[in-house]
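Take a look at the letters that make up each chain.
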Amino acid sequence: EDQVTQSPEALRLQEGESSSLNCSYTVSGLRGLFWYRQDPGKGPEFLFTLYSAGEEKEKERLKATLTKKESFLHITAPKPEDSATYLCAVCSNDYKLSFGAGTTVTVRA
Amino acid sequence: ETGVTQSPTHLIKTRGQQVTLRCSSQSGHNTVSWYQQALGQGPQFIFQYYREEENGRGNFPPRFSGLQFPNYSSELNENALELDDSALYLCAMQTGGYYGYTFGSGTRLTVV
C-alpha cells in the first residue's frame, strides 16, 4: 500500500524566513509526485508534478525537489499570503492519488 | 476558478439519511475521482470512474457509490449516513497527459 508522510505537521515562520517541508513516500510504481496548496474550506490547488529523482520545479517563492524516497518543498522569503496547508501526494500504477496529512504553514508579517 | 464545479457547497443531513453530491466540468475529462477529507487530514481516495465505469476503489464500504455520465459529470451517493461521514468531499478530474488532477472546491457534509 502506498504511504506518504509529511513533516512537520505545522510550521510558523516570520515573513522572509525561508524553510523546507518534507514528504517521504513508499509507492509501487511512481507515476508522479504532486504538491498541492489548500486554503481553509477549499479544494487543493495544484502546484507541481515531479516525475523522476533529481527533478526540480519552481514557481515564485516555491521550489520542489524529488529523490527516490522523498520530496522537499522549499519556501524562499515567504510572505503572509503563502500561509496555507501544503499537501503532498503520490500517483501509482492505478492512477489514484495517495495524500499525506499535510503541513500547515503560517507566515507572520 | 478551477473549472471543476461541485454542488452543493454545504449540506447538513441526519444520521441514516441518503445524500447525492454532484461534480461537473466546463470541459470534458474522461477520468473523475472522489476523495473524502476529514478535518486535519489529507484527502482519502474513495473511487474513480473512467468512461462511465468504476476502475478503482479505496477502503470505503458499498454504501458509497458513484456514477459518471456521458457528459463527464459525476455523482457520489452515500446511503445510511453515519456521524463519521462528516467531511469535505472532493471531486477531481484528470487534466491532460501529465497525470495531474484538478480539484473542485468541495462539498462540506455535516451529519448530525
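Scroll up a little and you will see the structure.
Just so it is clear, the structure is predicted and the values come from calculations on it, not from any experiment.

K.L.:
It is not clear to me how the nonpolar core should be interpreted in this structure. Could you clarify?
P.N.:
Burial of nonpolar side chains together is a common tendency in soluble globular proteins. Residue and element names in this part refer to chain A. Leu21, Leu33, Trp35, Leu73, Tyr86 and Val105 are the most contacted members of the largest nonpolar core, which has 22 residues in total. Listing elements by their share of this core, those giving two or more residues are strand E2 (10–14), strand E3 (19–26), strand E4 (32–38), strand E5 (45–50), strand E7 (62–66), strand E8 (70–75), strand E9 (84–91) and strand E11 (103–108). Of all the elements, E9 adds the most residues to this core, at four residues.

K.L.:
Quick question: what am I supposed to make of the side chain of glutamate 55 of chain A here?
P.N.:
Residues and elements named next belong to chain A. One can find glutamate 55 in the loop between E5 and strand E6 (56–59). Glutamate 55 gets classed as buried once you look at its relative accessible area, which sits at 19%. If we skip the residues at most four places from it in the chain, glutamate 55 touches Thr49, Leu50, Ala64, Thr65 and Leu66.

K.L.:
Just checking my understanding: could you explain the interface of chain A and chain B for this structure?
P.N.:
Frequently, the measure chosen for interface size is the accessible area removed from exposure when the parts meet. Counting from both sides, the interface comprises 19 residues of chain A and, opposite them, 17 residues of chain B. A buried area of about 1,600 Å², summed over both sides, lies between chain A and chain B, and 57% of it is on carbon and sulfur atoms. Looking at the side of chain A facing chain B, the largest losses of area belong to Tyr95, Leu97 and Phe99 of chain A, adding up to 28% of the total buried there. Scanning the region where chain A abuts chain B turns up zero salt bridges. In this structure, the connection of chain A to chain B is made through three residue pairs in polar contact (both at pLDDT 80 or more). Secondary-structure elements contributing two or more residues to the side of chain A that touches chain B are E4, E5 and strand E10 (97–99) of chain A. Ranked by residue count, the leading element in the side of chain A that touches chain B is E4 of chain A, at three residues. Among the residues forming the side of chain A that touches chain B, the class breakdown is ten nonpolar, five polar and four charged.

K.L.:
Help me understand the state of the cysteines, please; the structure alone is not making it clear to me.
P.N.:
Two cysteines joined by a covalent bond between their sulfur atoms form a disulfide. Within the structure shown, the criterion is met by two disulfides over all chains. Note on cysteine connectivity: cysteine 23 of chain A is disulfide-linked to cysteine 88 of chain A, with sulfurs 1.9 Å apart. Looking along the S-S bond of the cysteine 23 of chain A-cysteine 88 of chain A disulfide, the torsion reads about -60 degrees, which is the left-handed sense. In this pair, cysteine 23 of chain A is assigned in strand E3 and cysteine 88 of chain A in strand E9, connecting sequence segments 65 residues apart. Across the pair, exposure class does not vary: cysteine 23 of chain A and cysteine 88 of chain A are buried alike. A sulfur-sulfur distance of 1.9 Å marks the disulfide that ties cysteine 23 of chain B to cysteine 91 of chain B. Here cysteine 23 of chain B and cysteine 91 of chain B share a disulfide; its torsion about the S-S bond, -65 degrees, makes the bridge left-handed. On the criterion of sequence distance, the pair formed by cysteine 23 of chain B in strand E3 (residues 19–25) and cysteine 91 of chain B in strand E9 (residues 87–95) is long-range, its members being 68 residues apart.

K.L.:
Would you explain the pattern of salt bridges in this entry?
P.N.:
For side chains of opposite charge, pairing can occur when their charged atoms come near one another. For the structure on display, the rule yields eight salt bridges over all chains. For glutamate 56 of chain A, the salt bridge identified is with lysine 63 of chain A, shortest N-O distance 3.3 Å. The class for glutamate 56 of chain A is partly exposed, based on a relative accessible area of 47%. In this structure, the salt-bridge partner of arginine 22 of chain B is glutamate 75 of chain B, at a minimum N-O distance of 3.5 Å. Residue arginine 22 of chain B is found in strand E3, and its partner glutamate 75 of chain B is found in strand E8 (residues 74–78); the two are separated by 53 residues along the sequence. On the accessibility criterion, arginine 22 of chain B (42% relative accessible area) is partly exposed. By relative accessible area, glutamate 75 of chain B is classed as buried at 15%.

Cut-offs and rules
Residues numbered from 1 in each chain as written. Chains lettered and ligands numbered in written order. Predicted model: local features only at pLDDT ≥ 70, side-chain atom pairs only at ≥ 80, totals over all residues. Heavy atoms only, no water. Core = buried A, V, L, I, M, F, W, Y, C linked by side-chain atoms within 4.5 Å. Buried < 20%, exposed > 50% of the residue type's maximum accessible area, 1.4 Å probe, protein only. Helix = DSSP H or I, 4+ residues; strand = E, 2+ residues; numbered from the N terminus. Contact = heavy atoms within 4.5 Å. Buried area = accessible area lost by both parts, 1.4 Å probe. Salt bridge = Lys/Arg side-chain N within 4 Å of Asp/Glu carboxyl O. Polar contact = N/O pair within 3.5 Å; in protein donor to acceptor, adjacent residues only side chain to side chain. Nonpolar A, V, L, I, M, F, W, Y, C, P; charged D, E, K, R; others polar. Disulfide = S-S within 2.5 Å.

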